[in-house]
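# Breakdown of the fold
Chain by chain, the residues run as shown.
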Amino acid sequence: MKFRSFTLNDFNSVIHLWNKAGLILSPSDTSEGLKKKLQRDSELFFVAEGDHQIIGVVMGSYDGRRGWINHLAVDPEYQGRKIGQAMIMELEKRFKKEGCEKVNLLIEPSNKGVQSFYEKQAYKRDELIFMEKWI
């Protein structure tokens, strides 16, 4: 397995992987939306390749204060092989390089089963009220 930066050529494969892994995609998960993401902090958006295909993806973000893990997914056929753990370790290394000291993530209620995975990576639950508005 190797990591490499996401490119727009990966768009269809990554969308397929996110869907296959059961992630809920948002209206900003379009080719244009991901293009904008690449312009901001492309080094934090990468894929894991194995067997000549994309088997994992993570979209990290850094706002200058906090790092965010978004849309981390491993192909269900490859889960249980520590690929997700390796991706988090790599992303955390990249965050540290940027000067990031704290990393956050959000879990959709329909994806609660992934909570134990993140707990094994030393992430702790924090009760917050999340609000949003699409503009």
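Residues numbered from 1 in each chain as written. Predicted model: local features only at pLDDT ≥ 70, side-chain atom pairs only at ≥ 80, totals over all residues. Heavy atoms only, no water.

## Some remarks on the sheet that holds strand β1 (residues 2-5)
We apply this condition: At least two bridges found by DSSP between two strands is the condition for calling them paired. Numbered from the N terminus, helices here are DSSP runs of H or I no shorter than four residues, and strands are runs of E no shorter than two. The axes used here are C-alpha line fits, helices contributing only the stretch in contact, and every angle between their N-to-C directions lies in the interval 0 to 180 degrees. Any two residues whose heavy atoms approach within 4.5 Å at even a single point are treated as in contact.
With respect to topology, 5 strands assemble into an open sheet ordered β1-β2-β3-β4-β5, the strand pairing being mixed. Taken across any chain shown, the strands that pair with only one partner, and hence form the sheet edges, are β1 and β5 (103-105). The sheet shows a mean angle of 30° between the axes of neighbouring strands, direction not considered. Pairing of strand β4 (residues 67-74) with β5 involves 3 bridges; the strand directions are parallel. The residue of β5 that forms the bridge with G67 is V103. Sitting on the sheet, helix α1 (residues 11-20) is in contact with β2 (45-50), β3 (53-62) and β4, with an inclination near 90° to β3. Strand contacts of helix α2 (residues 31-41): β2 and β3, with the helix running at about 60° to β3, the strand carrying the most contacts.

## Observations regarding unusual backbone geometry
In the Ramachandran plot, H52 falls in the positive-phi region, its phi being about 60° despite a non-glycine side chain. On the secondary structure map, H52 appears in the loop between β2 and β3. Look at K82: it is not a glycine, yet its phi comes out positive at around 70°. By the secondary structure assignment, K82 is in the loop between β4 and α3 (83-98).

## Quick look at the nonpolar core
Test applied: Side-chain atoms within 4.5 Å link the members of a nonpolar core, which is a set of buried Ala, Val, Leu, Ile, Met, Phe, Trp, Tyr and Cys residues. The buried label applies to any residue whose accessible area, calculated with a 1.4 Å probe on protein chains only, is under 20% of its type's maximum; exposed applies above 50%, and partly exposed to all values in between.
Residues V58, I69, L72, I83, M87, L91 and F95 are the most contacted members of the largest nonpolar core, which totals 18 residues. Broken down by element, this core gets its largest block of residues, 5 residues, from α3. Discounting chain neighbours no more than four positions away, the residues touching F95 are L44, G60, S61, Y62, G67, W68, I69, C100 and V103.

## Quick look at the pattern of salt bridges
To be explicit about the condition: For this analysis, a salt bridge means a side-chain nitrogen from Lys or Arg found within 4 Å of a carboxyl oxygen belonging to Asp or Glu.
In this structure the tally under the stated criterion is 9 salt bridges. For K20, the salt bridge goes to D75, with nearest N and O atoms at 3.2 Å. Pair noted here: K20 is in helix α1 and D75 is in the loop between β4 and α3, with a separation of 55 residues, a long-range link. Two residues, R125 and E127, come together in a salt bridge whose shortest N-O distance is 2.6 Å. Residue classification places R125 among the exposed positions, given a relative accessible area of 57%. One network of salt bridges, with partners in common, ties together K2, R4, D10 and E49.

All we've got here are geometric facts, nothing functional implied.
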